[in-house]
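# Topology and contacts: notes
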Amino acid sequence: MSDIKRVYLFGGKTAEGDGSMKNLLGGKGANLAEMCKLEIPVPAGFTITTETCVEYYKNNMEYPAALKAEVDAALSKTEAIMNMKFGDKENPLLVSCRSGARSSMPGMMETVLNIGLCSETIPGLIKKTQNPRFVYDAYRRLIMMYSDVVMEKAENIEPEEGKGIRVQLDKMLHELKVKKGYKSDTDLTTEDLIQICDDFKKKIVDVLGKSFPDNAYEQLWGGIGAVFKSWNGKRAISYRRIEGIPDEWGTAVNVQAMVFGNMGDNSATGVAFSRNPATGEAKFYGEWLINAQGEDVVAGIRTPNPLNEATKNDQNKHLASLETAMPAVYAELDSIQKNLEKHFHDMQDIEFTIQDGKLWMLQCRVGKRTGLAALNMAMDMLHEGLIDEKTAVMRVAPVQLDELLHPILDPASEKAAKVIAKGLPAGPGGYVGTIVFTSEDPVEAAKEGRKVILVREETNPEDVEGMRAADGLLTARGGMTSHAALVARGWGKCCIVGCDALHIDLKTRKLTVAGKTYSEGDVFSLNGSKGLVYDSAISTMDASENPRFVEYMNIVDKYRVLGVRTNADTP
């Protein structure tokens, strides 16, 4: 068995794999390799194949004997490209462990960042960066993610609601901020962070009965195993069932050198799309946060800044865009996204980090989009000469056509109603239903045939069943690249995020907006195309009078080979 290649290197403008190897390297690994070959700046690393994941499960969750030597060899090549050494006292390399399935499963599997921080490497990194606050902030994040992903979830520990280790550590962090009167995580001082790291480690022993590992290699193998195990985690299985993704595919593991968006005000992180994923508008679109790590953008904990001036909206118009804050970096990013869209002939979803003024690309993939966006992009790309008619026809999935025919709020009836809150338009169309607050409620409602809107502070991957069963989604926090927005777009659900006027009290199951209180079962209407929320039932109308839809269907008629005849007794 030793002649099987299980590990593929990428970085330094070269790679052992390429974009055609999605089945073996997963979507993320294949695209990282492809970006390296396009000479795009990608932090070096290696991908452990999906076949190794399948082997791991067949082998009673034991690694194949030859894997360790292959990982060690790839790690030393990564060290050479990045000019740092993993676990080193003077010049330590830190890595991330991320999943990567053949088909994108946003937020359903695990990621661990900052692997390799321990008592051996912390002093060297502080000396090298001259930035102790950054080092302890990265360490705090590692402890939180590792205890949650590797020590709890991967070990199949199922705590009671609100008793999970991540929730408990988040609560400790929140309590410290309240006690010190801080508004944001960035207000924490070095001393605060050193103290909270110690408190976290004591809490982990109390809750999970074992210590957080103080060894770089133990952390690395813990991370690799946790990604493999997350393929069979509850969320991933639910998502695969909904999306029809086969269980036997397995996930790849991407181990990649860390670059840091949280090194100070010259560093940042962001997520972007080469076109607007909600409307299809042909404008470079995205969100970024200064002095942050990628999880901060996607988790919807802080409201992110807009990428450029052209796509600002009411919620974020007061925030600085990347275009004005770091014009040279923005110009480089803009040229990369154009290059990627041209190369892949499709809309790209990209993640990037700016470390100390230098841009690094962490991932690119074909972006999820709403039905309306799919239609608009297909027609625009056809007219731009990027794709041909046959490709344009295939770009709109049957479920997206169904979504295009979903109702919108009737403009006349909407005019007469009063807007109670505004958020970001993450999933288009109009929706009217009663409000509920937990992810179990929509599942029950669906069984009884009731239409509901799930209202949450922010959704997380644990809410996936409830999000699937709900007909509309409304969240108080998060941006257009948050978990709720990504999943809603993939499923064509009406969705509004980042609606900060909402105050939700889960204990009493009440919602307060501008001083008025609403209870579970009250009727709301959502305009997901504009991000408007109403507290009354607004009538809806058919959306199929769209002239682009008519143009698209005329092209479809040219290529279809199937005719359908039906008895139409009931219109």
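Predicted, not measured: the structure shown is a model, and the values here were computed from it.

## Things to note about the overall build of the chain
When you go through the chain residue by residue, the secondary structure sums to 20 helices and 26 strands. Taking 2.2 N^0.38 as the reference for a compact globule, 571 residues should give roughly 25 Å; the C-alpha atoms of the chain span a radius of gyration of 24 Å, in line with that estimate. Considered along the principal axes of its C-alpha atoms, the chain spans approximately 75 × 55 × 50 Å. Counting every position in the chain, which comprises 571 residues, the buried fraction comes to 54%. Pairs at least 24 apart in sequence give 66% of the contacts found in the chain among residues at least 6 apart. Charge centroids of the chain, computed over 68 positive and 79 negative side chains, lie 1 Å from each other.

## Focus on helix H2 (residues 50-58)
Restricting attention to buried positions, one finds in H2 the residues Thr50, Thr52, Cys53, Glu55 and Tyr56. Check the buried side of H2 and you find it contacts helix H1 (22-37), strand E3 (45-48), helix H3 (67-82), strand E6 (95-100), helix H8 (216-230) and strand E8 (252-257). Backbone geometry just after H2 places Asn60 at a positive phi near 60°.

## Structural notes on the pattern of salt bridges
With the rule as written, the count across this model stands at 39 salt bridges. With a shortest N-O distance of 3.6 Å, Arg166 and Asp170 are connected by a salt bridge. Separated by four residues within a single helix, Arg166 and Asp170 lie in helix H6 (residues 165-180), roughly one turn from each other. Two residues, Asp463 and Arg456, come together in a salt bridge whose shortest N-O distance is 3.1 Å. By relative accessible area, Asp463 is classed as buried at 2%. By relative accessible area, Arg456 is classed as buried at 16%. What emerges from the salt-bridge pattern is a single network uniting Asp137, Arg140, Arg141, Lys177 and Asp185.

## With respect to the environment of Thr190
You can see Thr190 is positioned in helix H7 (residues 190-208). Residue Thr190 is classed as buried on the basis of its relative accessible area of 17%. Separated by 285 residues in sequence, Thr190 and Thr475 place their C-alpha atoms 33 Å apart. Sequence-distant contacts of Thr190, defined by excluding residues within four places in its chain, comprise Pro132, Arg133 and Tyr136.

## Looking at the packing of aromatic side chains
Counted under the stated rule, the structure contains eleven aromatic pairs. On the basis of an interplanar angle of 90° and a centroid distance of 5.1 Å, the ring pair of Phe86 and Tyr217 is categorised as edge-to-face. You can see Phe86 sitting in strand E4 (residues 85-86) and its partner Tyr217 sitting in helix H8, a full 131 residues away along the chain. Three or more aromatic residues link up through ring pairs in this structure, and these residues are Tyr56, Tyr57, Tyr63, Trp221 and Phe228. Positioned above the aromatic ring of Trp360 is the side chain of Lys358, whose terminal nitrogen or guanidinium carbon lies 4.4 Å from the ring centre.

## Here we look at helix H19 (residues 483-491)
Judged by how many residues are buried, H19 sits mostly within the fold: eight of nine residues are covered. Restricting attention to buried positions, one finds in H19 the residues His483, Ala484, Ala485, Leu486, Val487, Ala488, Arg489 and Trp491. Residue Gly492 follows H19 closely and has a positive phi angle near 65°.

## Section: the sheet that holds strand E10 (residues 285-290)
By definition, the strands of a sheet pair up through backbone hydrogen bonds, in either a parallel or an antiparallel sense. Here five strands make up an open sheet; going across it, the order is E11-E10-E9-E12-E13 and the pairing antiparallel. Strands with a single pairing partner mark the edges of an open sheet, and in this sheet they are strand E11 (305-306) and strand E13 (358-366). Relative to strand E12 (residues 348-355), strand E9 (residues 268-273) runs antiparallel, the two sharing six bridges. The residue bridging Ala268 from the neighbouring strand is Ile354, located in E12. Seen against the sheet, helix H12 (residues 327-344) touches E12 and E13 and runs at an angle of roughly 25° to E13.

## Notes on the sheet that holds strand E23 (residues 516-519)
Across the sheet, which stays open at both edges, the three strands sit in the order E21-E22-E23 with antiparallel pairing between neighbours. Two strands in the sheet have a free side with no partner beyond their single neighbour: strand E21 (502-505) and E23. Sheet twist, expressed as the average angle between the axes of neighbouring strands with direction ignored, equals 25°. In the sheet, strand E22 (residues 510-513) pairs with E23 via four bridges, with the strands oriented antiparallel. Bridge pairing in E23 links Thr512 to Thr517.

## Considering the packing of helix H5 (residues 132-153) against H8
Their axes nearest at 10 Å, the elements H5 and H8 cross at an angle of 50°. For the element pair H5 / H8, the angle class is oblique. Relative to H8, the crossing made by H5 is left-handed. For the pair H5 and H8, contact is made by Leu142, Tyr146, Val149 and Val150 and by Glu218, Gln219, Gly222, Gly223 and Ala226, respectively.

## A word on the nonpolar core
Core analysis: the biggest nonpolar cluster contains 66 residues, and Phe46, Ile48, Leu117, Tyr139, Leu220 and Ile224 have the highest contact counts within it. At 13 residues, H5 tops the list of elements feeding residues into this core. Not counting chain neighbours up to four residues away, the residues in contact with Ile224 comprise Ile48, Tyr63, Cys97, Val253 and Val255. Core analysis: the next-biggest nonpolar cluster, separate from the first, contains 49 residues, Met108, Phe273, Ile387 and Leu473 among them.

Calculation criteria
- Residues numbered from 1 in each chain as written.
- Predicted model: local features only at pLDDT ≥ 70, side-chain atom pairs only at ≥ 80, totals over all residues.
- Heavy atoms only, no water.
- Helix = DSSP H or I, 4+ residues; strand = E, 2+ residues; numbered from the N terminus.
- Rg over C-alpha atoms; globule rule 2.2 N^0.38 Å.
- Buried < 20%, exposed > 50% of the residue type's maximum accessible area, 1.4 Å probe, protein only.
- Contact = heavy atoms within 4.5 Å.
- Lys, Arg positive; Asp, Glu negative; His and termini not counted.
- Charge placed at Lys NZ, Arg CZ, Asp CG, Glu CD.
- Salt bridge = Lys/Arg side-chain N within 4 Å of Asp/Glu carboxyl O.
- Phe/Tyr/Trp six-rings, centres within 6.5 Å; stacked < 30°, edge-to-face > 60°.
- Lys NZ or Arg CZ within 6 Å of the ring centre and 35° of its normal.
- Pairing = 2+ DSSP bridges.
- Axes fitted to C-alpha atoms, helices over the stretch in contact; angles between N-to-C directions.
- Parallel < 35°, antiparallel > 145°, perpendicular 65-115°, else oblique.
- Left-handed = near helix turned anticlockwise from the far one by under 90°.
- Core = buried A, V, L, I, M, F, W, Y, C linked by side-chain atoms within 4.5 Å.

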